[in-house]
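Fold and geometry: a report
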Amino acid sequence: MAKVLTMRAWQYSSTKGGLNVNMKINPSAPLPKPKPTQHLVQVLATALNPVDYKPAEMPIIGRLLVSYPATPGLDFAGCIVTPATGSSFKPGQLVFGVAGGSTPLAGGALAEFALVEEKHAVAIPEGVDILDVAVLGVAGLTAYQSIVSRVKKGDHIFINGGSGGTGTLGIQFAKAAGCHVTTTCSTPNVELCKRLGADVVIDYKKGNVLAALLASGQKFDHAVDNVGHIEDKELWWRWDEYAQPGASYVLVAGELSISGVVDMAKRAILPKFLGGLKGKVDGFWPEPKPEDLAQVALWIKEGKVKPIIDQKFAFEDGAKALEKLKTGRAKGKIVIDVALETYNK
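It should be emphasised that the depicted structure is a prediction, and the values quoted were computed from it without experimental measurement.

1. A word on the sheet that holds strand β9 (residues 180–185)
Read across the open sheet, the six strands follow the order β10-β9-β8-β11-β12-β13; overall the sheet is parallel. Both edges of this open sheet fall to β10 (200–203) and β13 (280–283), since each of them pairs with a single strand only. Adjacent strand axes in the sheet meet at a mean angle of 15° when their direction is disregarded. Looking at chain direction, strand β8 (residues 156–160) and β9 are connected through four bridges and run parallel. Directly across from isoleucine 157, in β9, lies its bridge partner valine 181. Where helix α4 (residues 137–147) meets the sheet, its contacts fall on β8, β11 (220–225) and β12 (243–251), and the angle it forms with β11 comes to roughly 155°. Strands β8, β9, β10 and β11 of the sheet are contacted by helix α7 (residues 209–216), whose axis makes an angle of about 145° with β10.

2. Things to note about the packing of α4 against helix α10 (residues 290–302)
At their nearest, the axes of α4 and α10 sit 10 Å apart, and the two run at 95° to each other. Between α4 and α10, the interaxial angle falls into the category roughly perpendicular. Within the contact between the two elements, α4 uses Gly137, Leu141, Tyr144 and Gln145 and α10 uses Asp292, Leu293, Gln295, Val296 and Trp299. When the residues that make up the contact of α4 with α10 are grouped by side-chain class, the tally is five nonpolar, three polar and one charged.

3. Remarks on the pattern of salt bridges
Evaluated as defined, the whole model comprises 13 salt bridges. The closest approach of N and O atoms between lysine 320 and aspartate 317, which form a salt bridge, is 4.0 Å. Take lysine 320: its relative accessible area is 52%, and that puts it in the exposed class. Taking the relative accessible area as the measure of exposure, aspartate 317 reaches 27% and is therefore partly exposed. Connected through shared salt-bridge partners, Arg8, Glu112 and Glu316 make up one network.

4. A short note on empty space enclosed by the protein
The full count for this structure, using the stated rule, is one cavity of 30 Å³ or more. Surrounding the largest cavity, Thr142, Ala143, Ser146, Ile147, Ile159, Thr166, Gly167, Gly170, Val224 and Asn226 form its lining. Contributions of two or more residues to the lining of the largest cavity are made by α4 and α5 (165–176). When residues in the lining of the largest cavity are grouped by element, the largest group, four residues, is from α4. Taken together, the residues of the lining of the largest cavity break down into four nonpolar, six polar and no charged.

5. A closer look at the nonpolar core
Formed by 69 residues in total, the largest nonpolar core has its most connected members in Tyr12, Phe76, Phe96, Val133, Leu136 and Phe173. Setting aside anything within four residues of it in sequence, one finds valine 133 in contact with Phe76, Ala77, Phe96, Ile124, Val128 and Ile300.

6. Some points on the packing of aromatic side chains
The full count for this structure, using the stated rule, is 10 aromatic pairs. Ring centres of phenylalanine 158 and tyrosine 242 lie 6.3 Å apart, and the angle between their planes is 75°; on these two criteria the pair is classed as edge-to-face. Of this pair, phenylalanine 158 sits in strand β8 while tyrosine 242 sits in the loop between α8 (234–237) and β12, and the two are 84 residues apart along the sequence. When the ring of tryptophan 239 is compared with that of tyrosine 242, the centres are 5.0 Å apart and the planes differ by 85°; the resulting orientation is edge-to-face. Given a relative accessible area of 0%, tryptophan 239 falls into the buried group. Accessibility expressed as a relative area gives 1% for tyrosine 242, which makes it buried.

7. Structural notes on the environment of serine 88
As for its placement among the helices and strands, serine 88 is situated in the loop between β4 (75–82) and β5 (94–98). With relative accessibility at 63%, the residue serine 88 sits in the exposed group.

8. Regarding a nonpolar patch on the surface
Residues Ile60, Ile61, Leu64 and Leu65 make up a contiguous nonpolar surface patch of about 430 Å² in total accessible area. Tracing the sequence through the fold places leucine 64 in helix α2 (residues 61–65).

9. Considerations on α7
Buried within α7 we find Val209, Leu210 and Leu213. Across the axial projection of α7, the buried residues extend over an arc of 95°, all falling on one side. Contacts made by the buried residues of α7 are with β8, β9, β10, β11 and α8. Two or three places before leucine 210, at the opening of α7, asparagine 208 has a side-chain oxygen 3.0 Å from that residue's backbone nitrogen. A positive backbone phi angle near 75° is found at glycine 217, which sits one or two residues after α7.

10. Considering the environment of alanine 243
As for its placement among the helices and strands, alanine 243 is situated in strand β12. For alanine 243, a relative accessible area of 11% gives the class buried. Measuring from C-alpha to C-alpha, the distance between alanine 243 and alanine 223 comes to 8.5 Å, with 20 residues separating the pair along the chain. Leave out the neighbours within four places in its chain, and alanine 243 touches Lys219 and Phe220.

Parameters at a glance
Residues numbered from 1 in each chain as written. Predicted model: local features only at pLDDT ≥ 70, side-chain atom pairs only at ≥ 80, totals over all residues. Heavy atoms only, no water. Pairing = 2+ DSSP bridges. Helix = DSSP H or I, 4+ residues; strand = E, 2+ residues; numbered from the N terminus. Axes fitted to C-alpha atoms, helices over the stretch in contact; angles between N-to-C directions. Contact = heavy atoms within 4.5 Å. Parallel < 35°, antiparallel > 145°, perpendicular 65-115°, else oblique. Nonpolar A, V, L, I, M, F, W, Y, C, P; charged D, E, K, R; others polar. Salt bridge = Lys/Arg side-chain N within 4 Å of Asp/Glu carboxyl O. Buried < 20%, exposed > 50% of the residue type's maximum accessible area, 1.4 Å probe, protein only. 1 Å grid on protein atoms, 1.4 Å probe; cavity = no way out; pocket = protein on both sides within 12 Å on 5 of 7 lines; lining within 4 Å. Points joined across faces, edges and corners; volume = space filled by probe spheres on them. Core = buried A, V, L, I, M, F, W, Y, C linked by side-chain atoms within 4.5 Å. Phe/Tyr/Trp six-rings, centres within 6.5 Å; stacked < 30°, edge-to-face > 60°. Patch = residues over 30% accessible without salt bridge, like charges linked within 9 Å, V, L, I, M, F, W, Y side chains within 5 Å. Areas by Shrake-Rupley, 256 points an atom, 1.4 Å probe, with all protein chains shown as cover. Arc of directions from axis to C-beta. Polar contact = N/O pair within 3.5 Å; in protein donor to acceptor, adjacent residues only side chain to side chain.

Okay, here's the thing in structure tokens:
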């Protein structure tokens, strides 16, 4: 590859009115300089996640945690330009994982080149589509770590939110682990969830989810909430009524609002005798473990898992991709083609 000093990168220096309306392509952004512990990677494709915009759009907090100009994007698939010191990766090798230099809130993958910590990249197995692994960084780790290490074969698990990026993977991971899966989605997505392997699908447009769960009589061994809407808080506050003793309800998603913060405080502080939680509810933040990403890639290679891609956008349409993500209506993942057809192999 010819030596380059600049690159195209989507950047923002304000989130007033929404990150998507402030993002612009900088045609001559400086090429990031890796530390000895970092790879410099040419990004071929990236996928967006709520964490790419929700914290950044929070007043005060977002400004404190994100340095401007910032480039969003954590998920990536690409090829090694300069490997980290001592790494076994070679220039030109195809990898995927989680990008990020100084902050996880502005990972930098929505650009032609990005920095990746040495242990946050995994080799793409031969025969696996680049787009399939480009969407795994955040959603893949979240689905895997919130489910697979916490269940055993034969467990009944409940997944709230089965049709989004994390949910579509979570259903498949749970089935690969040998679990019976109950999930929720809206009417248009019921067949998708069933096709992915869900045993029971509750259409939240047609009735109350908690009422359906209680009426089923099923006591669940584990639950994962990919939605976290505060209006659905009875799902976790009454978890003990449809859970096996000691089973965990993992809140993957949560509202960054005053009511959400109040609910979190009540869960943390109130004792049971004063109306506190009677069930076990856990917060969650994924860890970029290469062995977990490698396992998911192997499942893809073996045909046990197929990431669902809602829509592929061109690099030039990065702001439109984020706008689509913010609608909350994507079936599966939204991916951005950065250089799939043009990179120097």
